[in-house]
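Inside the fold
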Amino acid sequence: MNLLTDTLGMTELWANVVIMLIVCTIVFAVFALMSGITSWAERRIAGRMQSRYGCNRVGPFGILQFVADAVKLILKEDLIPDGADRFLYKITPYLCLMGVLATLVVLPLGSRAMIVADLNVGVLYFISITSIVVIGILMAGWSSNNKWSLLGGMRSAAQIVSYEIPVAMALLTPILIAGSLSMGDLLDSQGWLPWEWAAFQTPFSALAFFVFFIGSLAEGNRTPFDLPEAESELVSGFNTEYSGFRFAVFFMAEYGNVFLIGLSTTALFLGGPNLPGFLQGNPFLSVAVMMLKTFFVMFVVIWLRWTLPRFRIDQLMDLSWKYLLPCALIAFFGQSVFMLVAHEIPAITPITAIVVFIVFLLTMVKFFGRIRTNYKEQSIPVGLN
Amino acid sequence: MTSELKTEHITINMGPQHPSTHGVIRFVIKTDGEIIHECDPDVGYLHRGIEKIAESVTWQGFVPFTDRVDYVASMNANWAYCLAVEKMLGTEVPERAEYIRVIAGELNRISSHLVAIGAADMDMGAITPFVQFLREREYINDLLEMICGARLTYNYYSIGGVNYDIPEGYSKKVTGFLDHFEVAVEQMHRLVTYNQIFINRFANVGAVSPEMAMDYNFVGPNLRGSGVKYDVRRNKPYSIYDKLDFEIPIGTASVGTLGDCYDRYFVRVEEIRESVKILRQCLQQIPAGEIQGKVKNAIKPPVGHKYVRTETPRGDTGYFIYSDGKTSPSRLKIRTGSFTGMSIIPELARNIFIADLVAIIGSLDIVAPELDR
Amino acid sequence: MNTTEIIDLIQKNTQVAVKASENCYDTSILIEPKDVLPVMTFLKSSRDLSFKVLSSHTAVHDGNEFKLFWNLLSYEHNLETTIESSVPVSSPKVQSVCELWKAADWLERESYDLFGVEYIGHPDLRRIMLPEDWEGFPLRKDYQSPEGYQDIDNSRSEIDKRFKP
């Protein structure tokens, strides 16, 4: 900042604008890169889960596949369907991308100092700006002049709007724990030990964590909630008629959304970039810890996509309104009561946290025992040779 | 005066090219967005006139065409035709050939049911089980390639026996495969068949009562899924099926109503397990001997007609053959299980979601070439 | 229960003259086209027979008549029988059995499509395999393949042109 005003003689206004542009470019570059890496990771992980190789041609382990995809999509013919609403058709992909990209401004890529804009209403901004995607999808379904796209757009809009409510209510729980809407405060209120994370503080916050995670999956149109883009029913729903670069923008928005699910879950519930006391302040380590946790959450999202079948539209709506919303309300109510009790008996907080964490660990151990049985069963040799 | 809001029904086309209709079939659907009011299947995109072709090729020369009638289970399709002609001629098939026929037929039944179950799962969104079932099917393709050289359309059966003998050490290889398969397939079923999301999609959808099933001439796993215990291998045994010990699984409304999609799906799952049992028994009992019965070079069945049914994976395939003493049939009608299964869709597809229509088609196990011939 | 016993039962209960048509494979029941509905209704509703399943229905072009065959099954008594009838090619009309067995719906549509046999009383008789505007009935013995369909040219000269080495 000083560099620009003093050395180059710019006014403060222009220096601000230049810095803003540079930061936005960096954010966009990070987003695009992570979106590409997520799409590679998805294809590779899907392949390995299905006993086949994933991409392995372009670059070592196929890691440059997303570059090849982008180049191919850019080189395609620019096609607007006959009878489509030209103006809406052209601006829709960018609307969807904007809804996803703009959330990156309040999410931490590393420690608290690495949030682009640490608004004091950060979480509120995060919830609100993702709603722009709904308009984008409706416009995509309508402007394609295709009945199947219209159906897909309607379904998707209904789904996203319904699931925003449990997500927002589930977010009230870490806000209660932190006492503020600002993302930086939420990061500071969690520690680096697993039982100091917001997810394992109380049983209610664990409930809120699951509601938030499931709701985020539904917001991103990921299986098991991907009915709007179900390949076997609507041939990819609202983005059927988009090809070439416009499809690349939708594609980037969807996979970037997976990255955002990871980032937001980590920052809000899984402790974010918090490091032990003696290592604090090291920027590289905080980025590494943050990214490690984000990649783990992204792996779980991809894992769920290739394992579970998808819900039907009325079952999806039932899940949101009849099950997730009451759970989110119970979590909020329970957490408030707990905090009142904890005000009287301060010792209850760490004990509950450790108990919840131990329960979680035991479930994980049982789960991994099942994986071991599956692996042993699959390894009986066939001996056809 | 209040005017009511008008809603219109849109007519959409679940067109010939569609990732979920199994083959080239077209549905004209009148819907209001989610609920279907009327559904009219438009078939015939894969009509190749196989029945007309039969009138100009010889009796033995028609066998490769039967492969293409149902290419997913083409050993059984071959068998259906060869059995019909053998019953007309009165040829006796040697016992070793019968055992080899059952082994090939049951292996093909397993691979056909794997495709059927995998495609139904894929329509529901679980793509991984389909790929894993295909991995198991690759082993079966390799086994069948060892005996006849082909992987999909085998042309293995001939009128009076089979074309090639099984190689040495085949029993050991098949038993090795079965030992691996029985355990691996259970694991894959744990992923889908007992998954609650999957059960929610399939249970109580497309329920067909036993009376309706018989009225529409449902056959095979579709009929047994509705609770009717009828299997051509048991009720009108042919070949050596009366010497083998196996059970007939029927739908029992374990989750949902009797005759819904889950029952039909589960009957196929159970039939895979029964086929494994049959295979193990055959491999132990197979005798030595000839593989081809005595058949004249120029086959000319006497004048008349006969209707013979065989249990193929998709139901019972009925061959109605009318011969007038010449070297090619005068009329050959193939009545396949997919044809009758499809005719119920206009009735079942009322007031259901489009997603349910996909589930129903997947559970009825329709392949387009068998539907259109 | 063999075919003669079935024929006795039919004659006792419906006063329709039916004959046994023998061939070297098995016997089928020969009826007149006008008696289709009474005989079939009896066969379906009788207690001893209860042929609740229509397994197949087809037509054979033989000389200048169409021979029609209905194959009936009874799962309860494990019976099979074949009913035979014949209509002249010049006016191939016969009663439809759709109200007895719903399976007849598509089977009769296929027979109409490929042979031209008209079924009186069928709810929705239209072509099923071939396109709606196809002319001719392919499975008849005197069928000539058309020279082209809409804008696809299938004449001999075109085929020779395409396959010239």
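Right above here is the structure, for reference.
Presented here is a report on the structure given in the accompanying data block.

Thresholds, definitions, all that
- Residues numbered from 1 in each chain as written.
- Chains lettered and ligands numbered in written order.
- Predicted model: local features only at pLDDT ≥ 70, side-chain atom pairs only at ≥ 80, totals over all residues.
- Heavy atoms only, no water.
- Contact = heavy atoms within 4.5 Å.
- Buried area = accessible area lost by both parts, 1.4 Å probe.
- Salt bridge = Lys/Arg side-chain N within 4 Å of Asp/Glu carboxyl O.
- Polar contact = N/O pair within 3.5 Å; in protein donor to acceptor, adjacent residues only side chain to side chain.
- Helix = DSSP H or I, 4+ residues; strand = E, 2+ residues; numbered from the N terminus.
- Nonpolar A, V, L, I, M, F, W, Y, C, P; charged D, E, K, R; others polar.
- Pairing = 2+ DSSP bridges.
- Axes fitted to C-alpha atoms, helices over the stretch in contact; angles between N-to-C directions.
- Buried < 20%, exposed > 50% of the residue type's maximum accessible area, 1.4 Å probe, protein only.
- Parallel < 35°, antiparallel > 145°, perpendicular 65-115°, else oblique.
- Left-handed = near helix turned anticlockwise from the far one by under 90°.
- Core = buried A, V, L, I, M, F, W, Y, C linked by side-chain atoms within 4.5 Å.

Attention now goes to the interface of chain B and chain C. Contact with chain B, which involves 39 residues of that partner, is made by 43 residues of chain C. Of the roughly 3,700 Å² buried at the junction of chain B and chain C (both faces included), carbon and sulfur atoms supply 55%. If you look at where chain B meets chain C, you find 9 salt bridges. Between Glu110(C) and Lys333(B) there is a salt bridge whose closest N-O contact spans 3.1 Å. Our enumeration of links across chain B and chain C arrives at 20 residue pairs in polar contact (both at pLDDT 80 or more). Those elements that provide at least two residues to the side of chain B that touches chain C are strand S3 (35-42), helix H1 (50-53), helix H8 (210-215), strand S6 (304-312), strand S7 (315-323), strand S8 (331-335), helix H12 (337-342) and helix H15 (368-372) of chain B. Element by element, the count of residues in the side of chain B that touches chain C is highest for S6(B), at 5 residues. Class assignment of the residues belonging to the side of chain B that touches chain C gives a composition of 18 nonpolar, 8 polar and 13 charged.

A separate point is the sheet that holds strand S5 (residues 79-88) of chain C. All names here are of chain C. Strand order in the open sheet formed by 5 strands is S1-S2-S5-S4-S3, with mixed pairing between adjacent strands. With partners counted over all chains shown, the strands left at the sheet margins are strand S1 (19-22) and strand S3 (53-62), one partner each. Put simply, the sheet's adjacent strands are angled 30° from each other on average, direction ignored. In this sheet, S5 lies alongside strand S4 (residues 65-74) in antiparallel orientation, the contact comprising 10 bridges. Residue pairing across strands places leucine 72 opposite threonine 81, the latter belonging to S5. Against the sheet, helix H1 (residues 3-14) makes contact with S1, strand S2 (27-30) and S5, and its axis sits at roughly 20° relative to S2, the strand it touches most. Packed on one face of the sheet, helix H2 (residues 36-45) meets S4 and S5 and runs near 15° to S4.

Let us look at the pairing of strand S2 (residues 26-31) of chain B. All names here are of chain B. Of the two faces of S2, only the one carrying Phe27, Ile29 and Thr31 is buried; Arg26, Val28 and Lys30 on the other face are not. One ladder, built from 5 bridges, connects strand S1 (residues 10-14) with S2; its direction is antiparallel. Following the sheet pairing, isoleucine 10 is matched in S2 by threonine 31. In terms of strand pairing, S2 meets S3 through 6 bridges, oriented antiparallel. In the sheet register, valine 28 faces S3, and the bridge partner there is aspartate 40. The hairpin turn running from S2 into S3, its antiparallel successor, is 3 residues long, and glycine 33 in that turn takes a positive phi close to 120°.

The axes of two packed helices give the description: the angle between them and the distance between them. Residues and elements named next belong to chain A. Where helix H2 (residues 12-49) meets helix H12 (residues 283-305), the axes come as close as 10 Å, and the angle between the chain directions of the two elements is 50°. One finds that H2 runs oblique with respect to H12. Judged by the sense of rotation from one axis to the other, the crossing of H2 with H12 is right-handed. For the pair H2 and H12, the contacting residues are Met34, Thr38, Ala41, Glu42, Ile45 and Met49 in the first and Phe295, Met298, Phe299, Ile302, Trp303 and Arg305 in the second.

On to the nonpolar core. Membership of the largest hydrophobic core comes to 159 residues, with the highest contact counts inside it found for Tyr81(B), Tyr156(B), Ile345(B) and Leu357(B). Residue contacts for Tyr156(B): discarding those within four places in its chain leaves Met75(B), Asn78(B), Ile100(B), Ala104(B), Ile147(B), Cys148(B), Val162(B), Asn163(B), Tyr164(B), Asp165(B) and Ile166(B).

Geometry only, nothing functional implied.
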